[in-house]
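Residue-level listing of the chains:
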Amino acid sequence: MESRAINFGAGPSALPTSVLQEATKGLLNFKGTGMGIAEISHRSKEFTAYLQSVEQNIRKLLDIQPTHSILFTQGGGSTQFSAVVLNMLARHRLLHPQLKDEDRILDYVVTGSWSKKAAEEARRMGGSTVNIAADSRKYSKDQKSFDNIPTADAYSFSNDPALIYYCANETVDGVEFSPEENSPASFPFQLLPRNALLPLVGDHSSSFMSRPIPHLSDHAIIYAGAQKNVGPAGLTILIVRNDCIVDVDAAARLGAIPVPICLSYKTLADHNSMYNTPSVLSIYITGLVLEYMLQLGGLDYYADLTNRKSKKVYDALKYGENKGIFKGKVKEGSGSQMNIVFDVLGEGLLAKFIAGAEERGMKGLKGHRSVGGIRVSIYNAVTEEETDLLISYMEQFAGQHKVDKE
């Protein structure tokens, strides 16, 4: 087989080589049907059974209880910016039919580019009042950057909001809520009401299946695009608490915003995620990835792997900072374990670093166009050995270059 590049891109991201090799077989002959997975009917008994196995493996890996349904849809996280608002406003309308629209509050925790976009979409759609429960820019060095996760005293949640939204990991800005509850950078679950059906919505796209999800059962909705850790682009996975799968048409008759039929969680649930043709190929490869993950030991294995890889990258970043070549963009303790961002100092050295990496077969390291710099994405399929090659290059680069100080 021809040598493959090491993909440090932020998504679509690397997939396990053995999974890709197995997937090529299914492209020609899926489950002995004589037809490829991209050709077979999504309503065939073979694919229907396969879809059920994918759901079962997600439940097994994340320990999801029957209180929550697993739904498969399309459109990525950006479509869910709209869908979560519409479905949760419909739920709130059914619970509080007499409430005025301006009194229906949506709480948003804004810690990066994606949560900012989600809040903007909620405001654009109307039918409610958006409350920014926390904005991490207020606590940044320049009052403008998303370089931190706020501490618990920075949050101001509403009474009885229709939803509480956060993004677990911000791929552009490289900040992430800590999974350790005693960390100042953890999500402040302790500030939310206890013994209540919380309207908590978590965008877990870029950390999904890298480790267990804290307080999963307390969430109303968790969603994730598959194209980071579990599959190719084209599939969005939803974990929806059953009381949030509501009759959106009944809510519309009471004055709620009508929900497009394919954005309604009830449509997805009532038709086992097959109201229309699902992303068959993406689901197939995701299923192979989940089976591979279980074989390796599940989320315990991947959480340990993620911890080791990210620690090595941050240690190399610190080494480069001490040499005056690299500069981290995120406050210590708030850094993402999936997407590590930094600048390369010195005229022309950023381009030189990227070019040198590509010469060594390492691709996808250029930072997001809105912030520049370097972004190292170490999703599940990036091996520790591949990460070590990057570490070696970072240390070599930092040791070989100097920045002139005026």
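Located above this text is the structure these notes cover.
Throughout this description, residue numbers start from 1 for each chain and increase along the sequence as written. Confidence filtering applies because this is a predicted model: local features only for residues at pLDDT of at least 70, side-chain atom pairs given and counted only at 80 or more, and all residues used for totals across whole chains, interfaces and linings. Side-chain calculation: all heavy atoms of the structure are included, whereas hydrogens and water are not.

S.K.: Residues and numbers for the overall build of the protein chain, please.
M.R.: Along the backbone of the protein chain there are 10 helices and 14 strands. For the exposure calls, accessible area comes from a 1.4 Å probe over protein chains only, and a residue counts as buried if that area is under 20% of its type's maximum, exposed if over 50%, partly exposed in between. In the protein chain, which comprises 406 residues, the share counted as buried stands at 54%. Contacts in the protein chain between residues at least 24 apart in sequence constitute 69% of all its contacts with a sequence separation of at least 6. Accessible surface area values rest on a Shrake-Rupley calculation with a 1.4 Å probe, where residue burial reflects the displayed protein chains alone. Total accessible area on the protein chain is roughly 18300 Å²; 49% of this is exposed by carbon and sulfur atoms. Mean positive and mean negative side-chain charge positions of the protein chain (42 and 45 charges, respectively) differ by 2 Å. Only DSSP runs of H or I reaching four residues or more are called helices, and only runs of E reaching two or more are called strands; each is numbered from the N terminus. Any two residues having at least one pair of non-hydrogen atoms within 4.5 Å are treated as being in contact. The charged-residue count follows a simple rule in which Lys and Arg add positive charge and Asp and Glu add negative charge, with His and chain termini not counted at all. Lys charges are placed at NZ, Arg charges at CZ, Asp charges at CG and Glu charges at CD.

S.K.: Report on the sheet that holds strand β4 (residues 129–135), specifying residues and quantitative values.
M.R.: Here we have 7 strands laid out as an open sheet, ordered β2-β10-β9-β8-β5-β3-β4, and mixed in their pairing. A single partner strand is all that each edge strand has here, and the edge strands are β2 (68–73) and β4. Strand-to-strand twist across the sheet, computed as the mean angle between neighbouring axes with direction ignored, equals 20 degrees. For two strands to be treated as a pair, DSSP must find at least two bridges joining them. Note that strand β5 (residues 163–167) and strand β8 (residues 200–203) share 4 bridges and pair parallel. If you follow Ile164 over to β8, its bridge partner there is Leu200. To obtain each axis, a line is fitted to C-alpha atoms, and for helices this fit is confined to the stretch in contact; angles are then taken between N-to-C directions over 0 to 180 degrees. Contacting β2 and β10 (236–241), helix α2 (residues 45–62) runs over the sheet at an angle of about 130 degrees to β2. Where helix α4 (residues 113–125) meets the sheet, it contacts β3 (105–110), β4 and β5, and its direction lies at approximately 160 degrees from that of β3.

S.K.: Explain helix α1 (residues 17–28) residue by residue, including any values.
M.R.: What a helix should span is 1.5 Å times the count of its residues minus one. When the terminal C-alpha atoms of α1 are compared, their 18 Å separation across 12 residues agrees well with the 16 Å that a helix rising 1.5 Å per residue should span. Within α1 the residues assigned to the buried category are Val19, Ala23 and Gly26. Projection of α1 onto a plane perpendicular to its axis shows the buried side chains occupying an angular sector of 55 degrees, all on one side. Turned more than 90 degrees from where α1 packs its buried face, Lys25 and Leu28 sit exposed. On its buried side, α1 packs onto α7 (280–296). It is the directions from the helix axis to the C-beta atoms whose arc is reported.

S.K.: Describe the packing of aromatic side chains, and please don't skip the residues or the numbers.
M.R.: In this description, a pair of aromatic rings is defined by centroid distance and the angle of the planes. Stacked, edge-to-face and tilted are the three classes for Phe, Tyr and Trp ring pairs, Trp counted by its six-membered ring, which pair at centre distances within 6.5 Å; planes under 30 degrees apart are stacked, over 60 edge-to-face, the rest tilted. Taken as a whole, this structure holds 19 aromatic pairs when the rule is applied. When the ring of Phe326 is compared with that of Phe353, the centres are 5.7 Å apart and the planes differ by 85 degrees; the resulting orientation is edge-to-face. In this pair, Phe326 is assigned in strand β11 (residues 326–328) and Phe353 in helix α9 (residues 349–359), connecting sequence segments 27 residues apart. Of the two residues examined, Phe326 and Phe353, each falls in the buried class.

S.K.: Mind laying out the packing of α7 against helix α8 (residues 298–322), listing which residues take part and the relevant values?
M.R.: For any two helices packed against each other, one specifies the inter-axial angle together with the distance between the axes. Taken N-terminus to C-terminus, the directions of α7 and α8 make an angle of 85 degrees; their axes are 6 Å apart at the nearest point. Here α8 runs roughly perpendicular to α7, going by the angle between their axes. On α8, the residues that touch Tyr292, Met293, Leu294 and Leu296 of α7 are Gly298, Leu299, Tyr301 and Tyr302. Residue classes in the contact of α7 with α8 are distributed as 7 nonpolar, 1 polar and no charged. Every angle not falling under 35 degrees, over 145, or within 65 to 115 is termed oblique; those three ranges are roughly parallel, roughly antiparallel and roughly perpendicular. Under the convention adopted here, Pro, Cys and the residues Ala, Val, Leu, Ile, Met, Phe, Trp and Tyr are nonpolar, Asp, Glu, Lys and Arg are charged, and Gly plus all remaining residues are polar.

S.K.: Tell me about the pairing of β10, residues and numbers included.
M.R.: Burial of β10 is extensive: 6 of the 6 residues sit out of reach of the surface. Note: β2 against β10, 6 bridges, orientation antiparallel. Bridge assignment links His68 to a residue of β10, and that residue is Arg241. Across 5 bridges, the pairing between strand β9 (residues 219–225) and β10 is antiparallel. Residue pairing for β10: Gly225 is matched across the bridge by Thr236.

S.K.: Outline the packing of α1 against α7, supporting the account with residue identities and numerical values.
M.R.: Interaxial distance between α1 and α7 falls to 10 Å at its minimum, and their mutual angle equals 135 degrees. Between α1 and α7, the interaxial angle falls into the category oblique. As for how α1 packs across α7, the hand of that crossing is right-handed. Every residue of α7 that contacts α1 at Ser18, Val19, Glu22, Ala23, Gly26 and Leu27 is listed here: Leu281, Tyr284, Ile285, Leu288, Val289 and Tyr292. Tallied by class, residues from the contact of α1 with α7 come to 9 nonpolar, 2 polar and 1 charged. Each crossing gets its hand from how the near helix is turned against the far one by less than a right angle, where anticlockwise is left-handed and clockwise is right-handed.

S.K.: Now, about helix α3 (residues 76–95): what can you tell me, with residues and values included?
M.R.: Helix length check: α3 (20 residues) gives 28 Å between terminal C-alpha atoms against 28 Å at 1.5 Å per residue, within 8%. Bending is quantified residue by residue as the angle between axes fitted to the seven-residue window ending at that residue and the seven-residue window starting at it. In α3, a bend of some 25 degrees at Ser82 exceeds every other bend along the element. Most of α3 sits inside the fold, with 16 of its 20 residues counted as buried.

S.K.: Requested: an account of the sheet that holds β11, with residues and values cited.
M.R.: Here we have 3 strands laid out as an open sheet, ordered β11-β12-β14, and antiparallel in their pairing. Each edge of the open sheet carries a strand with a single partner, namely β11 and β14 (374–377). When strand polarity is set aside, the average angle formed by the axes of neighbouring strands in this sheet is 35 degrees. Bridge analysis of β11 against strand β12 (residues 339–344) gives 3 bridges, and the strand direction is antiparallel.

S.K.: If you had to explain unusual backbone geometry to someone new, which residues and values would you point to?
M.R.: The omega angle of the peptide bond from Gly11 to Pro12 is 0 degrees, so this bond is cis rather than trans. Locating Pro12 in the fold gives a position in the loop between β1 (6–7) and α1. The phi angle at Lys31 is positive, at roughly 55 degrees, despite the residue not being glycine. By the element assignment, Lys31 lies in the loop between α1 and α2. The phi dihedral of Gln143 falls on the positive side, at around 65 degrees, and the residue is not glycine. One can find Gln143 in the loop between β4 and β5. According to the relative accessible area criterion, Gln143 is exposed, its value standing at 52%.

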